[in-house]
Amino acid sequence: MQKFLVTGGVGFIGSNFILKARKEQWANIINLDKLTYASNPQTLAQLQDDPGYHFVCGDINNIEILHSLLEQYQPDVIINFAAESHVDRSILSPQEFIQTNVLGTFQLLEASKIYWEKLSPQQRSQFRFLHISTDEVYGSLNPADPAFQEDTPYAPNSPYAASKAGSDHLVRAYYHTYGLPTLITNCSNNYGPRQFPEKLIPLIILNALHDKPLPIYGDGQNIRDWLYVVDHCEALYLVLQHSLIGEIYNIGGNNEQTNLTVVERICAILDELVPKSNFRHSSLMTFVKDRPGHDRRYAIDCSKISRKLNWQPKEDFDSGLLKTIRWYLSHPTWVKQVQSGAYQSWVKQNYADRITVRSH
Ligand code: NAD
Ligand code: DAU
């Protein structure tokens with residue numbers, strides 16, 4: 001069986017990928033994660049007795065750890081999920097985004113290149129470095145603009161998006177300059193189990209369950225494309241198995257929604273699953289001060305991955321949201337663990353000054 005070195009695998013998408021990879025026996029996994037605020041070690045507790053899974057706590061900026069891991073485990077594939085991933089945090093404190101997303105990716109590329117150059121010709125040709133990126137590197141669309149394609153020019157607007165764009169350019173450069181067999185995927189907004197509740201969907205679910213205001217930035221008409229995380233993980237595996245090196249793929253859910261619609265749908269599902277006797281969950285909706293530089297619309301054209309690798313998202317939004325909400329309802333211990341003091345400080349920092357513009 002192949003060996004995958006996964007970085008950032010305790011986070012949302014990485015943990016879903018690892019669980020799927022072990023369940024489907026795609027590969028043995030070595031997971032390097034710094035365990036930042038965005039990760040909960042309990043997320044992968046079910047793998048603790050799995051001999052095909054090894055966890056290492058460490059930073060992708062630490063070149064010594066990278067060299068020794070590569071030497072020790074000799075992976076066939078490296079998948080880089082590790083990142084600072086929340087746009088609002090990048091607006092309030094961008095430094096960590098440059099440190100991990102740009103410099104950390106650079107260190108990982110350097111260590112990978114040195115490792116890859118020493119492999120046998122056959123291992124070298126089979127090796128892959130897969131970098132997980134975002135549709136936010138392409139900037140913001142107007143309502144009538146065509147969806148992002150793989151050759152849409154980069155126009156990142158937030159410090160987060162700029163740091164991801166920087167990392168994508170480095171990955172591209174290592175392919176073109178050194179021949180490192182890289183792949184880049186740019187996906188839209190993922191949703192599903194195990195997402196840290198600073199992001200819209202889990203934040204709304206958990207606030208609604210606790211009868212707290214549901215903060216909607218601006219007019220709620222910003223549009224995102226929503227991709228169920230397991231569909232994303234399946235796409236990544238197909239890319240690893242079948243793609244030519246140096247390729248880029250956009251991955252999306254064919255599922256554009258305004259934020260207002262997303263919040264209303266969550267409220268409607270909660271009204272059914274956990275009805276309140278005296279109010280509807282939508283009455284908690286609150287319009288608050290907008291995110292600075294808030295991108296209006298993202299949309300992904302995923303015809304390339306559909307045509308070349310025969311991939312399509314399987315989950316529709318209603319079934320995906322229902323699964324997601326059921327997961328949060330049935331994992332109260334996980335929820336409690338991630339809503340620690342640090343989380344409460346973040347909520348205060350991000351929302352205290354967002355004066356309510358109007359209640360629903
Ligand atoms: P996440 O914030 O949930 O998890 C990130 C993980 O990386 C955490 O476990 C964290 O501890 C780890 N990490 C952070 N800095 C590290 C470092 N220096 N060294 C090692 N580990 C480190 O993020 P996510 O939502 O799972 O996103 C994964 C990747 O996918 C990111 O690169 C992100 O930019 C990209 N992405 C995410 C989405 C989305 O909707 N969540 C969409 C598009 C692209
Ligand atoms: O598009 C892919 C990107 O999606 C990823 O690269 C990022 O890592 C991921 O965080 C996500 O970025 P967004 O900024 O789109 O996600 P977020 O969940 O923060 O916000 C989704 C939308 O909801 C966005 O328009 C802002 C809005 N929003 C968000 C929060 C947290 C609100 O209206 N209220 C909120 O409280």
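Just so we're clear, the structure is a prediction, and the values are computed from it rather than from any experiment.

## Observations concerning the side chain of Asn101
1) Next: Structurally, Asn101 is set in helix α4 (residues 95–117).
2) Next: For Asn101, the contacting residues outside a window of four places in its chain are Ala83, Glu84, Glu96, Tyr160, Ser163, Lys164 and Ser167.

## Structural notes on the pattern of salt bridges
When the charged atoms of two side chains lie near each other, side chains of opposite charge can form a pair.
1) Next: Under the definition given, this model contains 18 salt bridges.
2) Next: A salt bridge links Lys20 to Glu234; the nearest nitrogen and oxygen atoms lie 3.2 Å apart. Pair noted here: Lys20 is in helix α1 (residues 12–23) and Glu234 is in helix α8 (residues 229–242), with a separation of 214 residues, a long-range link.
3) Next: On the basis of relative accessible area, Lys20 is assigned to the buried category, the value being 18%.
4) Next: We note a salt bridge from Lys323 to Glu315, for which the minimum N-O separation is 2.9 Å.
5) Next: What emerges from the salt-bridge pattern is a single network uniting Lys20, Glu24, Glu234 and Lys314.

## Considering the site of ligand 2
1) Next: Not every one of the 24 residues close to ligand 2 is listed here, only the nearest: Asp135, Tyr160, Arg291, His294 and Tyr351.
2) Next: At 2.8 Å from an oxygen atom of ligand 2 is found a side-chain nitrogen or oxygen belonging to Asn189.
3) Next: Protein chains bury 95% of the 690 Å² of accessible surface belonging to ligand 2 in isolation.
4) Next: Broken down by secondary-structure element, the contributors of at least two residues to the shell around ligand 2 are α3 (87–92), α7 (200–209) and β8 (214–217).

## Overview of the packing of aromatic side chains
1) Next: All told, the structure shown has 19 aromatic pairs when counted by the stated rule.
2) Next: Centroid distance Tyr174 to Tyr178: 4.9 Å. Interplanar angle 55°. Geometry classified as tilted. One end of the pair is Tyr174 and the other is Tyr178, both in helix α6 (residues 159–178) and four residues apart, which spans about a single turn.
3) Next: Owing to a relative accessible area of 38%, Tyr178 belongs among the partly exposed residues under this scheme.
4) Next: Ring centres 6.1 Å apart and planes at 75° place the aromatic pair Tyr328 and Trp334 in the edge-to-face group. Each member of the pair Tyr328 and Trp334 is classed as buried.
5) Next: Linked through ring pairs, Phe4, Phe17, Trp26, Phe81 and Tyr237 together constitute an aromatic cluster.
6) Next: Directly above the aromatic system of Trp346 lies the positively charged group of Arg89, at a separation of 4.3 Å from the ring centroid.
7) Next: The aromatic ring of Tyr178 is capped on one face by Lys113, whose charged end is 4.4 Å from the ring centroid.

Parameters and conventions
Residues numbered from 1 in each chain as written. Chains lettered and ligands numbered in written order. Predicted model: local features only at pLDDT ≥ 70, side-chain atom pairs only at ≥ 80, totals over all residues. Heavy atoms only, no water. Helix = DSSP H or I, 4+ residues; strand = E, 2+ residues; numbered from the N terminus. Contact = heavy atoms within 4.5 Å. Salt bridge = Lys/Arg side-chain N within 4 Å of Asp/Glu carboxyl O. Buried < 20%, exposed > 50% of the residue type's maximum accessible area, 1.4 Å probe, protein only. Near = heavy atom within 4 Å. Polar contact = N/O pair within 3.5 Å; in protein donor to acceptor, adjacent residues only side chain to side chain. Areas by Shrake-Rupley, 256 points an atom, 1.4 Å probe, with all protein chains shown as cover. Phe/Tyr/Trp six-rings, centres within 6.5 Å; stacked < 30°, edge-to-face > 60°. Lys NZ or Arg CZ within 6 Å of the ring centre and 35° of its normal.

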